[in-house]
Each structure stands twice: as structure tokens, then as C-alpha cells.
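Letter by letter, the chains look like this.
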Protein chains: 2
Amino acid sequence: MIVKEYSKMSKEELAEVIAGLKKQYDDIKNKGINLDMSRGKPSKKQLDLSMPVLDVLNSNESLNASDGTDVRNYGMLDGILEAKSLLADMVGVNKENVIVFGNASLSIMFDTVSRAYTHGILGNIPWSRFDKIKFLCPAPGYDRHFKISEHFGMELIYVPMTKNGPDMDMVEELVRDDDSIKGIWCVPKYSNPQGYSYSDETVRRFAALKPKAKDFRIFWDDAYCVHHIKFDKKDEILNILDECERAGNFNLAYVFFSTSKISFAGSGISGIASSKENLAEIKKHMSMQCISHDKINQLRHVRFFKNINGITEHMKKHAEIMRPKFELITNSFERELKPLGIAEWTDPNGGYFISFESLKGCAKKIVSKAKEAGLVLTDAGATFPYGIDPNDSNIRIAPSFPEIKELKEAVELFILCVKLVSAQIIYEEG
Amino acid sequence: MIVKEYSKMSKEELAEVIAGLKKQYDDIKNKGINLDMSRGKPSKKQLDLSMPVLDVLNSNESLNASDGTDVRNYGMLDGILEAKSLLADMVGVNKENVIVFGNASLSIMFDTVSRAYTHGILGNIPWSRFDKIKFLCPAPGYDRHFKISEHFGMELIYVPMTKNGPDMDMVEELVRDDDSIKGIWCVPKYSNPQGYSYSDETVRRFAALKPKAKDFRIFWDDAYCVHHIKFDKKDEILNILDECERAGNFNLAYVFFSTSKISFAGSGISGIASSKENLAEIKKHMSMQCISHDKINQLRHVRFFKNINGITEHMKKHAEIMRPKFELITNSFERELKPLGIAEWTDPNGGYFISFESLKGCAKKIVSKAKEAGLVLTDAGATFPYGIDPNDSNIRIAPSFPEIKELKEAVELFILCVKLVSAQIIYEEG
């Protein structure tokens, strides 16, 4: 059978295709499927990998850190030394530049914005005092980042993503001229949702930014720093803190990271890395906020992973579980959608997502069709500021949570919805 | 030997006493002691009580909550049901009124203030928009509470503590007339540092407050809710949420609590209890802030304590360790200081502290003398707003951390410093 692109079909051919797809769709819908590809949650099998984390500390073990600190008691506000080292090696920064927090890097990001809002950054005016604060949002991007900015009433400025990272011409120009622009959200490695990694040039241009606002900061969410999927093809990015130092922009970047998708989602450890001056300010604020984070959990992670090699080996096991899921999806798209000329998608070397581009104006309809038949996807538009995708074409696909069998069903249904909605729109517009 | 009160001695007698005390002090100082009675930290023996907490979850155990939730994954933002129940029973509230957080109730309090500051409470104007916000600070009280208010630039208003709680005549009058007063810090049971528990009348008067500010809130830190020391003499207080409801003041109080001084300091679980409306607002904000708290640690605590009886039994073991320390101190004071008429102190039925009242103008000198000889005490004044004790007489004594042998040395040295400083001041003023 020769497959013809939808856009090259006659009205009659298309009508026939649509009728066939509708029947298939109704059949699946009647099956009463219940599937979820909406969030980047690890699967049960991935979580099982970390069960031994629970065994390393028990009532027979010493709970003293390497310097003798009893981790069961208060103190060590910025984390135990060995946890700093482990996380520093994971992100490729110096341990002197790290503060270890609790279970969620998102909370650190929220706090960092909140602190700038209530107290200002390094002596600058608190953001709450301005009528309008703006934040740059490379998109498609991570919805929870954008939501934090929205929550604090900021104006979100859409910056298009490229394969090399955000459009740096635009970023440079914007921050140079407008001192109400106070920050930018970045997922520099295996970006959410496209899986793109910033090129060396992009990182260097970030480090060399000359923002008009003295309190402009890069919010560098290194969420997927060790989350390779294809072990023969690993992305690596330049160290933003080193590059900032080289450019004389010592305080420009905050780097965030966690083990949420390494050990347990929600029960890992997290941290921030930045310049000495930034860290000193954060610690001062933290000393009002808590007495110490969960150091037992810090020690638990160190005892389990031991060092960066332990993390690398562990992430290979994650990759073994993730890779077939990503391949299932990209192979299915390649086979079913490519010949029809109705979609594009990314095929990342790591991270948690595949970014899907439908024909213009189809994303909302596809997501809604899928939902109607029992497949929950991330809301169309969620990857854009204010939830508005200017082309209504981007859909974030999260392959991690369902097991292969369910994922296969989900992908089939998804592809069917893409075909149906695309054929209908071409028919209507044709 | 007949002991004479210092104030009844002649100048000559006093001079002789001072000379003797100075010699004793110099002898101790030369020993090179290094002791700490400054913070309410549990001792090693207390922490050892909780070691089995680490054993209940291991790689052989199911990590599903009672409703089937896999606690290893994201989700359940407000906590697993059984953790809500456990903490609700601990504080004596309904589990529907509880949100479970991470390891630190101080962080919840900080966030609660920060949220009011950035977003306002239930539609009221954010506190950041006011030129001046005031907070009532019953004192002596907990320094970290006052510091949070200070950190947000509030004016701290000193409200004297009585044996029945804060001076309620003053509280009622202040909040009725001044809408810039937005809150009050309370430790209602075994207060820090006096160990006083609020009388039923005090709790009812709190619940019936008619604040001019619609967004006035009672910050009710029930830190020592189950921390009895004398098991034959337990303080119990009325349930503030019930009383607020009865008075029609549904949203007036936030109740904070944690297991920090039950299981592990810094690695426990914590929570907030409040009205449905208050909780809904908090959850909305939380959904921006994190994906979930550490539910594995929540389950760990539930599996270990099982229910409120488990907590009660566990707290009896803490009491066995704490009681001799409190008795050592109060007995020593009784024997050494009472006959001299130079100090008063509390003898609480629970909590973590003994509050010590020296002669007026002596506290700073006593703390400084003790430090000089190697004994660290909480800074004099720390228990008052801005760190300023109007009488310079209050010293917070934290007996928990040192073991008995060290504590004995510490108390001896402390008593010596009290005697020396008191005798000197009476001599100078006399």
C-alpha cells in the first residue's frame, strides 16, 4: 500500500480516510481505556531500582556524618559535607558552591523567587515594590516554572526555543534594554519537553549577558543532568557557574537540582549551587526559615550512591527502562505519522519527554479527543506562558509512567487522534 | 550554717562572699569546661529511642499507603491519610483539618507569614503593601518566632506572659483598636521558655477575639503538645480550633506541630491544622511550591508509631530521660539559690525549658560570666522581641542536650555565676 500525505489527497480521498479513522476511534473509545501520559512521573519499575536506598540506614548503623555530626539532631543548615560533595559532582560544580535542601528543587526555586520578591537580591529593591516585573520563559518549557512567575504576578515573555537552546539574540536584546526583566527559566540539559541541550555557544552567551537589571538572575534548572537515555549518545553542557565566573558575571546564575528522578520522586534530596555571595544571602534567609533539612535522608542517599559513579551506574538502570518506551513512541511515530506529513517530534538523548508538533491549530483538539477516549495527556498549551501556545501545535508526551503494554495502547490511540484531527482540519481548510 | 539572703548582708559580709565566689569561679574557669545549655536539642539518648523508626521501611516492605498510593512517587500534596490521622490525634483536631508537610514546622510558619506578605490572606490586601504591620509577641517567648516577624520588617509588640498565658486584657484591647496588628505568636502548651500552659479562659478569650484586622491570625505553635515530663502532672489545654468555631471565628487560628522532638530533630514530619477555608488557600499556594512532601517519611512515622498510643508510650520514654535533668536543675536552684533570695524559676510539667529570673539587670552579666568559663547559654534577651529584655532578668535554660554528668557541672557553674553577679550588683547598689 502506498501511503499518501494527507495534504496531497483529494477531498474524496480525505473523506474516506476520516470515515475509517472515526470508526477506529469509536471502537477504541468503546473499550473504556484509562491511560495517563501527562506527567513526568517515574514508573514502578524505576522506583523499585531504589528500594535498597531504604536499607542503608537502620538501627544498627551509625548515623554520624563523616565529620562526626549526629545527623539525627538539629544543625548543619546547609547540609552535610558528603551530600554537598555528591550533588556537586552530579552537577559538575564545586562543593563549596552547594547548599543541600529538602526533597524538592521546585521549592527552592519558589523560595528563590519569593525571597527576591520580599527582600530583594543582594541589596537591590524587593521585586514586590515594582509595578511590573517580567520573566523570560523559553517555550515550549516547564509549566511549573511559568506558574511560579505567574503566581507572583509577573509578566511572562515568550522566548522561542531552538535546538541549541533559547533564541539568544532575543534574550540578549531584551535583558540589555529592560530593567524590569528580572530572570529567565532554563532547563539547559534535555529540556522539558523537547529534550534539547544548550550548545556551548548558548551557555557562553548566557554567562556573558549584560542585563540592565542588576538583580537579573538565570534560573538554571539542571533537572536532567544525569538522565541520559541513549548511553551511546550523551549530551553534555558547559558549566554555567564556571562560564559566569570567566565572564566576570559571578552572581548571575542559580543552579537547581535534585535526585527526585534518580532515587524517589518526592523523597529525594535537592540543592542549589551559586556564587559565594548569592549563597551567603540564601543562608541568611534560610536561618529564619528552618533549623535544618532532613540530614538523615541526605546521609541515606550518600551511603547508597557512595559517589558520582554510583549515580551513573544507577542512571544506566533507569535508562534501560526508559529507552524502550522512548523507542516505542518514536518508532511508532516514524512508521505511522511520518508518511502522512502531519507531525514532527523530538527524539532526545535523555530527559523525560518527547515534544510533539502537530499541524497548526490541532493540539487542543488532539488532547481533547484523546481524553474523550480515556488517554490523559498534558494540557495542550501547558508548555507555554499563560498556557497559550501561539500555534496550538505543541503536545508534551511523557512516556515514563505507563508500562510498555499500556504505553503501546496509549500511543496507538494518540496516533489515531492525531490522524483524525489532522485529516479533519485539512479537509475543512482544503 | 545559717544562710542569709544577700540583700540582708552588710557590705563587709558581701565583700567576703564575693571574694569567695570569685575564687571558686576562677578555679572552674581554669578547668577549661566546654558545656552547652543554649538550645532545645534532644540528647543522644533521646534520639536513640527512635532508632527503630529507621527499620520499619526497608526493601522488603510495601510502600503503599492505606489507600494504595505508592508513597515513593509524586502526588498527595497534602499528605497521606494515615499521617493526617496520626498528627490530628496528636494535636487533638480532626484529620480533615490537617495538611502534612515536610520536616519542619518552622518552615510552615515562615511560609504562612511569607504567603500573607506576598499574596494576602483570603482576599485581604497583601501585607507587603502596608507601610507598617505589627505582630504581638508574648514574652518571654520563642526567639525564632520573633525573628520571622522581624525578618519581614514587622513591628514587634511585647505582651507580658502570665502563668495563664499572655496578658489577655492587653491582647483584646490591642487587636480591637489597631488593624495593622496582623497576628500573635503563641506556644500554648508548655510555653517556650516558661513551660506555662494557657488556661481554659485564655484559650476561650483567644477564640473570641474581635480583631479590627480581618486578616489577623493566631499563630498557635503546639510544639510541645505531647511533651509531658512529669507523668503524674500533665497539662492539657482546650482545642483552639473547636473554640474558634464555637465563637464563630472559623478562620482565626493556624495550628502548627511536628514530631521534631518526638522522633528525630530535623527528620520528622510536621503539619498545620486550620479551617477549611484557610487550608484551601494554603493548598492552592502549595501547588505552586512543590509536587509533594516526603511521603516515605510520613509512612515511616505512621508504621512506627501506629497511633496516638504509640506516641504517648514513646513520649513516656523521653520523659524518663528528661525528668531527672529538670529535677537536677530545680533541686539545685532550690537548695543553692532560694535561701539567698536572688532568683526565681519555673518548674514546668512538660516542654523543653526552664525559665530563670535573676535580679533585675543581671541576666546579660550572668550569661557572659558563664560563657567566659565555658558554659554557653541562650543569649540573655533572646526570649524578648528585638532581643531586648526590659528587666534584663530572663534566662532560658535548656536542660535536654547535656548528659547528667555534664549537666551537673553546668548547673554548678551557672549557680556560681548567678551568685557572683547578684552579690556584686547588690554590693554596688547597696
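Remember, predicted model here, so these are calculated numbers, not experimental data.

Engineer: Help me out: how do you make sense of the packing of helix 4 (residues 105-119) of chain A against helix 5 (residues 143-151) of chain A in this one?
Structural biologist: Relative orientation and spacing of two packed helices are given, respectively, by the angle between their axes and the distance between those axes. Residue and element names in this part refer to chain A. Look at helix 4 against helix 5: their axes get within 10 Å of each other, and the N-to-C directions meet at 30°. Comparing the axis directions of helix 4 and helix 5 gives the class roughly parallel. Where helix 4 crosses over helix 5, the two elements pack in a sense that is right-handed. Contact residues: L106, M109, F110 and V113 in helix 4; R144, H145, I148 and H151 in helix 5. When the residues that make up the contact of helix 4 with helix 5 are grouped by side-chain class, the tally is five nonpolar, two polar and one charged.

Engineer: I tried to follow the pattern of salt bridges on my own but got confused; where do I start?
Structural biologist: Between side chains of opposite charge, pairing is possible as soon as their charged atoms come close. All names here are of chain A. Counted according to the given criterion, the structure contains 53 salt bridges over all chains. Close ionic contact of K23 with D27 constitutes a salt bridge, the shortest N to O distance being 3.1 Å. Taken together, the positions of K23 and D27, both in helix 1 (residues 11-31) and four residues apart, correspond to about one turn of that helix. Judged by relative accessible area, K23 falls into the exposed class, the value being 54%. The class of D27 is partly exposed, set by a relative accessible area of 41%.

Engineer: Got a minute to help me understand the relation of the copies chain A and chain B in this structure?
Structural biologist: Note: a rotation about an axis with an accompanying shift along it relates these two copies of the chain. By a simple turn and slide, chain A fits onto chain B: the slide is 0.0 Å along the axis, the RMSD is 0.0 Å, and the turn is 180°. Within this description, the copies of the chain are treated as partners about a two-fold rotation axis. Looking at the interface residues of chain A, 100% of them are also at the interface in chain B, so both copies use one shared face.

Engineer: Please clarify how unusual backbone geometry should be interpreted in this entry.
Structural biologist: Of all residues except glycine, most have a negative phi; of all peptide bonds, most are trans. Residue P193(A) follows N192(A) across a cis peptide bond; omega there is 10°. With respect to the helices and strands, the residue P193(A) is situated in the loop between strand 6 (181-186) and helix 7 (200-207). The phi dihedral of Y386(A) falls on the positive side, at around 60°, and the residue is not glycine. By secondary structure assignment, the location of Y386(A) is in the loop between strand 12 (375-377) and strand 13 (394-397). Residue classification places Y386(A) among the partly exposed positions, given a relative accessible area of 40%. Even without being glycine, M76(B) reaches a positive phi, approximately 55°. For M76(B), the location among the structural elements is in the loop between helix 2 (44-49) and helix 3 (81-91). By relative accessible area, M76(B) is classed as partly exposed at 25%.

Engineer: Could you clarify how one ought to interpret the sheet that holds strand 11 (residues 354-358) of chain A in this entry?
Structural biologist: Two orientations exist for strands paired in a sheet by backbone hydrogen bonds: parallel and antiparallel. All names here are of chain A. Spatially, three strands are ordered 10-11-13 in an open sheet, and the strand pairing comes out antiparallel. Either end of the sheet is taken by a strand with one partner, and the two such strands are strand 10 (343-345) and strand 13. Averaged over neighbouring strand pairs, the angle between their axes works out to 25° when direction is ignored. In this structure, strand 10 lies alongside strand 11, joined through three bridges in antiparallel fashion. By the bridge assignment for strand 11, W345 is matched with F356. In this fold helix 12 (residues 363-372) packs onto strand 11 and strand 13, with an angle of close to 40° to the strand it touches most, strand 13.

Engineer: Looking at this structure, I do not really get the nonpolar core. What am I missing?
Structural biologist: The nonpolar side chains of soluble globular proteins are, as a tendency, buried together. Core analysis: the biggest nonpolar cluster contains 122 residues, and F206(A) and F206(B) have the highest contact counts within it. Apart from residues lying up to four places away in sequence, F206(B) is in contact with P166(B), M168(B), V171(B), I184(B), C186(B), Y198(B), I218(B), W220(B), I240(B) and L252(B).

Engineer: When you look at the layout of surface pockets in this model, what are you seeing that I'm missing?
Structural biologist: Think of a ball as big as a water molecule: rolled over the atoms, this probe shows where empty space is left. One number sums up the size of the largest pocket: a volume of about 550 Å³. For the largest pocket, the lining is made up of 30 residues, of which Y74(A), I291(A), G40(B), Y142(B) and K261(B) are closest to its centre. Secondary-structure elements contributing two or more residues to the lining of the largest pocket are strand 1 (35-37), helix 4 (105-119) and helix 5 (143-151) of chain B. Per-element accounting of the lining of the largest pocket gives the leading share, three residues, to helix 4 of chain B. Approximately 440 Å³ is the volume found for the second largest pocket. Along the lines of polarity and charge, the residues of the lining of the second largest pocket split into 10 nonpolar, 10 polar and six charged.

Engineer: Can you help me understand the environment of K4(A) in this one?
Structural biologist: Residues and elements named next belong to chain A. As for its position among the elements, K4 is in the segment before helix 1. For the pair K4 and G341, spaced 337 residues apart in the sequence, the C-alpha separation amounts to 8.8 Å. With residues up to four places along the chain from it excluded, the contact list for K4 reads M9, E13, P339 and L340. Of note is the side chain of K4, whose polar atom sits 3.1 Å from the side chain of E13.

Cut-off values and rules
Residues numbered from 1 in each chain as written. Chains lettered and ligands numbered in written order. Predicted model: local features only at pLDDT ≥ 70, side-chain atom pairs only at ≥ 80, totals over all residues. Heavy atoms only, no water. Axes fitted to C-alpha atoms, helices over the stretch in contact; angles between N-to-C directions. Helix = DSSP H or I, 4+ residues; strand = E, 2+ residues; numbered from the N terminus. Parallel < 35°, antiparallel > 145°, perpendicular 65-115°, else oblique. Left-handed = near helix turned anticlockwise from the far one by under 90°. Contact = heavy atoms within 4.5 Å. Nonpolar A, V, L, I, M, F, W, Y, C, P; charged D, E, K, R; others polar. Salt bridge = Lys/Arg side-chain N within 4 Å of Asp/Glu carboxyl O. Buried < 20%, exposed > 50% of the residue type's maximum accessible area, 1.4 Å probe, protein only. Least-squares fit on C-alpha atoms with pLDDT ≥ 70 in both. Pairing = 2+ DSSP bridges. Core = buried A, V, L, I, M, F, W, Y, C linked by side-chain atoms within 4.5 Å. 1 Å grid on protein atoms, 1.4 Å probe; cavity = no way out; pocket = protein on both sides within 12 Å on 5 of 7 lines; lining within 4 Å. Points joined across faces, edges and corners; volume = space filled by probe spheres on them. Polar contact = N/O pair within 3.5 Å; in protein donor to acceptor, adjacent residues only side chain to side chain.

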